[in-house]
Structure formats: C-alpha cells, structure tokens
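Reading the structure
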Number of protein chains: 2
Amino acid sequence: MKFTQAQILDFESLYRRNFMNSITGVKSAGLIGTVSTKQQTNLAIFNSFVHIGATPPHIGFVMRPTTVDRHNIDTIQSQGFYTINHVHTAIIEQAHQTSAKYDSATSEFEACGFTPAFKTPFTAPYVKEATIQLGLSFVESIHIKSNDVHLVIGEVKEVYVEEKYIQADGFIDLAQAATVGIGGLDAYYKITPLARFAYARPDQPVKPLEN
Amino acid sequence: MKFTQAQILDFESLYRRNFMNSITGVKSAGLIGTVSTKQQTNLAIFNSFVHIGATPPHIGFVMRPTTVDRHNIDTIQSQGFYTINHVHTAIIEQAHQTSAKYDSATSEFEACGFTPAFKTPFTAPYVKEATIQLGLSFVESIHIKSNDVHLVIGEVKEVYVEEKYIQADGFIDLAQAATVGIGGLDAYYKITPLARFAYARPDQPVKPLEN
C-alpha cells in the first residue's frame, strides 16, 4: 500500500504521529535522570538516542519543544550533568509512566516507583533499578529548525554495567541485559539475538563473528 | 562494574567502538538506496535513524566521514532523493554485506543479492525484498563538529507498507513486519511485542492501550 506525503500530511494528527514515529524502525529506550539546584530530581523516558562517536564518547538524543519534561532539559543545560538508564523488560510500566505530565514539584522517581541512586562525585541521579547506567556531561544542543527540535549531545563520563554483559571484544549484549526496544510512541519490544556477523569484505561471503 | 571516561578512552580502538556503539541501546536497521547520474545504484546499511518530526514528516540519520558508502551520501546530496528500506529477519546476512567496502563501480544491490525496484515518478531505487520502504528527499545535513559526523535529514515523500502491518491508530507493527533491531556494529536482534501502553497521566496507573 502506497502513502504519498500529501496523504501523510492529511492523516489525523495522532494517526500521523503514530505512523511517523513507528516508520523509523526499532528505537532505544532510556530514562534520563537529573537533579536541580533545589535538589529536585526528575526522570523521563526517551526513545531517540543515537551514537554520535566513540572518540570522544558522545551520545545524542532528540528533544521536542512539547516534551513533557521540559524542566528536565532545562536542568541538563543549567546543571550540566544527567544520566541515561536503560529500560529493561521488568520496568517498562514504570518507565512509560515517567512520560506523564507531572507538575514541576513532583519527582518522577518517587511518583513512578524508581529509586534515585547518587554515586559521588557524579551529581545526577541514576536509576537504581536499571542494569546499565551512563553518566554524561552536557556538550551542546543543536537546533533543527525544520521541525523546531533539538539534538542534545552529551559526553559519557562514567558507565555502570555488569561485567557478565560485556563480551571479549567490548560488545555489550543488550539481550542478556534485557534492554528493550521501542516502536512508535508507546510500544515496547523484547529483543532476541539473531546473529553477530564478522566485518564484511567485498570478496568474502557473510560469516558469523568468531569470538 | 564502573568504567570512567578515562578508562573508555584507554580501551583498544575496536573495543571502544564496540562498547560505545552498543551502550546506546537497541538501534534501527535500514538500507539506504541511491542512484547516481550515471545510473549507478548504491545500497548501504545504517543503524542510526532517528525520528525528527511528523509535521513535516522528517527522518534523520547520522553519517560518519569514514563510512564506507561515502559515495552513497554524495549521491544523496547531489541527486536529492534516497530510499530507506527496513531490514527484516530473512535478509540480515545480505543487509550486513552491504557494509563491505565495494569499489565505486560495483552496485551493492547486485553484489549482495538485492533487487533494485524503481517506482515512478520517484527516482531512487527501493529494495524489492524489503517489506517497508520509504522514499525521501534531502532536506539538510548538519555538521556535528565534536565528532566530525553529519546528521542527514530527509523528508518522507512516499511510504510503501502492507496494510496488514498498520493498526487502527496509525501505529506500524514492526514485529509483524519482522523488522530487526541492531546492537553495536554487527549484532542483529529479532523483536517481540511486550506491550503497548495508553497515554500516561499523573493521576492514573499505567494501563495497556485499548484499540
């Protein structure tokens, strides 16, 4: 079935958002944790993380102006530090609930049943219930004019991940860690390994990676 | 286990790339198809697609300067049109093989066992074997200085997706379409639905979406 751009723009608003948010394929699922100068903690789910580079270790995510946790983003920029915590299969309900529009005096940690974990000297709170936790410092925010969204880029300052999830070549086995994927705005997926392939070369057939 | 930024920077190069590419969570898997003025078709796998916005319908992906398919990107900018084709479970080997550094006279379509499908009036080739196909026009390329990468943004001009994968509210069921996720540089994951949740509200518990 074919849809033209004109038809997509003619979709009812929520239908178009569901369609366009799922058409990009499987997405990451992470909880961003912050704390304000007044020691107010905030937590919000994002599904738009993207690898920017390994050297320096930078991660980006796309933030919408209408995102419920606008105060969360203000805190990232003013405080300079935030955490990304992988969502795993056992915490998808609570993670989804952080997308509710809580008033600014409410901590989504408490409201959604998560425990803030502070690990000095890092100032932003981790999600204790998450098995993979990253601490980042704010690098820059790039405004994308066409859709009035921001690409927020951070530098990885520390990572907490159990050794058993890390393979000999540095690959972190997300399926072992039960990290989930997201489809559209509200669908959560379990992931199961199909294969890891060796570095592809023009003169060789595809082969499984040998560790 | 804790890793500091200093330790990450101290990793051996490939170990760091594996680590940093998997730490962002589950990623999208799409084949980008182009055709040059000389009618040379090109195809390359990317795992960095990100939803930019629904109105206008924009999708981004991150491109590295070292990406094997540099000629592919040049073609996107010069020709103005490209396709994104979802990778599904039955084509992961061939899809991975498109990451090999073929010489510029070779079409990855032919070399990797894919069929270019031209659908007029759109000029770029789709992957016939893909169940979800998107045709885009180039909008802009944003340079991210810190890592010397580009965020390439395109506007969706047309979408081909079987009606049976689209739910009543516009959500495209990626698991039904067998769209895969990617971990790190070379791991492919099957996805299985866990849940879709209703729009979250502060005064209500999380509940499954009712269609």
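Above this text sits the structure in question.
Now for a quick tour of the structure. Values in this document were obtained by computation on a predicted structure and should not be read as measured data.

The transformation that overlays chain B on chain A combines an axial shift of 0.0 Å with a rotation of 180°, and the residual RMSD is 0.0 Å. Taken together, these values place the two copies in the relation of a two-fold axis. Looking at the rotation axis and the C-alpha trace of chain B, the residue lying nearest is Ile-191 of chain B, at 2.3 Å. Most of the interface of chain B is mirrored in chain A: 100% of its interface residues are interface residues there too.

Across the sheet, which stays open at both edges, the four strands sit in the order E11(A)-E12(A)-E12(B)-E11(B) with antiparallel pairing between neighbours. This sheet does not close on itself; its edge strands, each paired only once, are strand E11 (181–183) of chain A together with strand E11 (181–183) of chain B. Within the sheet, the average angular offset between the axes of one strand and its neighbour, ignoring direction, is 45°. Across nine bridges, strand E12 (residues 187–196) of chain A lies against strand E12 (residues 187–196) of chain B in antiparallel orientation. Bridging from a neighbouring strand, Tyr-189 of chain A pairs with Pro-193 of chain B of E12 of chain B.

A word on the interface of chain B and chain A. Across the boundary between the two partners, chain B contributes 101 residues, which contact 101 residues of chain A. Of the roughly 8800 Å² buried between chain B and chain A, counting both surfaces, carbon and sulfur atoms make up 63%. Our count for the contact surface shared by chain B and chain A stands at four salt bridges. Measuring nitrogen to oxygen at the nearest pair gives 2.8 Å for the salt bridge that ties Arg-196 of chain B to Asp-186 of chain A. Linking chain B to chain A there are 52 residue pairs in polar contact (both at pLDDT 80 or more). By residue class, the composition of the side of chain B that touches chain A is 54 nonpolar, 28 polar and 19 charged.

On to empty space enclosed by the protein, then. The full count for this structure, using the stated rule, is five cavities of 30 Å³ or more. For the largest cavity, the calculated volume is near 60 Å³. In terms of lining residues, the largest cavity is bounded by 14 residues, among which Ile-84 and His-86 of chain A together with Ile-23, Thr-24 and Gly-25 of chain B are the most central. Across the lining of the largest cavity, the residue classes break down as eight nonpolar, six polar and no charged. Its volume calculated, the second largest cavity comes out at about 50 Å³. Surrounding the second largest cavity, Ile-23, Thr-24 and Gly-25 of chain A together with Ala-29, Gly-30, Phe-49, Ile-59, Ile-84, His-86, Leu-134 and Thr-179 of chain B form its lining. Partitioned by chemical class, the residues of the lining of the second largest cavity number six nonpolar, five polar and no charged.

All names here are of chain A. Counted residue by residue, strand E10 (residues 149–161) has 11 buried out of 13 residues, so it is predominantly covered. As paired strands, strand E5 (residues 58–63) and E10 are joined by six bridges and run antiparallel to one another. Bridging from a neighbouring strand, Gly-60 pairs with Ile-153 of E10. Between strand E9 (residues 132–144) and E10, which pair antiparallel in sequence order, lie four residues; one of them, Asp-148, sits at a positive phi of approximately 50°.

Another aspect to go through is the pattern of salt bridges. One pass over the structure, following the stated rule, counts 10 salt bridges over all chains. Here Lys-2 of chain A and Glu-158 of chain B are joined by a salt bridge, their closest N and O atoms 3.3 Å apart. With Lys-2 of chain A in strand E1 (residues 2–4) and Glu-158 of chain B in strand E10 (residues 149–161), this residue pair bridges two chains. With a relative accessible area of 5%, Glu-158 of chain B lands in the buried category. Across the pair Glu-162 of chain A and Lys-164 of chain A runs a salt bridge whose closest N-O atoms are separated by 3.5 Å. The exposure class of Glu-162 of chain A is partly exposed, given its relative accessible area of 34%. Looking at Lys-164 of chain A, the relative accessible area reads 61%, which means it is exposed.

What counts, and where the lines are drawn
- Residues numbered from 1 in each chain as written.
- Chains lettered and ligands numbered in written order.
- Predicted model: local features only at pLDDT ≥ 70, side-chain atom pairs only at ≥ 80, totals over all residues.
- Heavy atoms only, no water.
- Least-squares fit on C-alpha atoms with pLDDT ≥ 70 in both.
- Contact = heavy atoms within 4.5 Å.
- Pairing = 2+ DSSP bridges.
- Helix = DSSP H or I, 4+ residues; strand = E, 2+ residues; numbered from the N terminus.
- Axes fitted to C-alpha atoms, helices over the stretch in contact; angles between N-to-C directions.
- Buried area = accessible area lost by both parts, 1.4 Å probe.
- Salt bridge = Lys/Arg side-chain N within 4 Å of Asp/Glu carboxyl O.
- Polar contact = N/O pair within 3.5 Å; in protein donor to acceptor, adjacent residues only side chain to side chain.
- Nonpolar A, V, L, I, M, F, W, Y, C, P; charged D, E, K, R; others polar.
- 1 Å grid on protein atoms, 1.4 Å probe; cavity = no way out; pocket = protein on both sides within 12 Å on 5 of 7 lines; lining within 4 Å.
- Points joined across faces, edges and corners; volume = space filled by probe spheres on them.
- Buried < 20%, exposed > 50% of the residue type's maximum accessible area, 1.4 Å probe, protein only.

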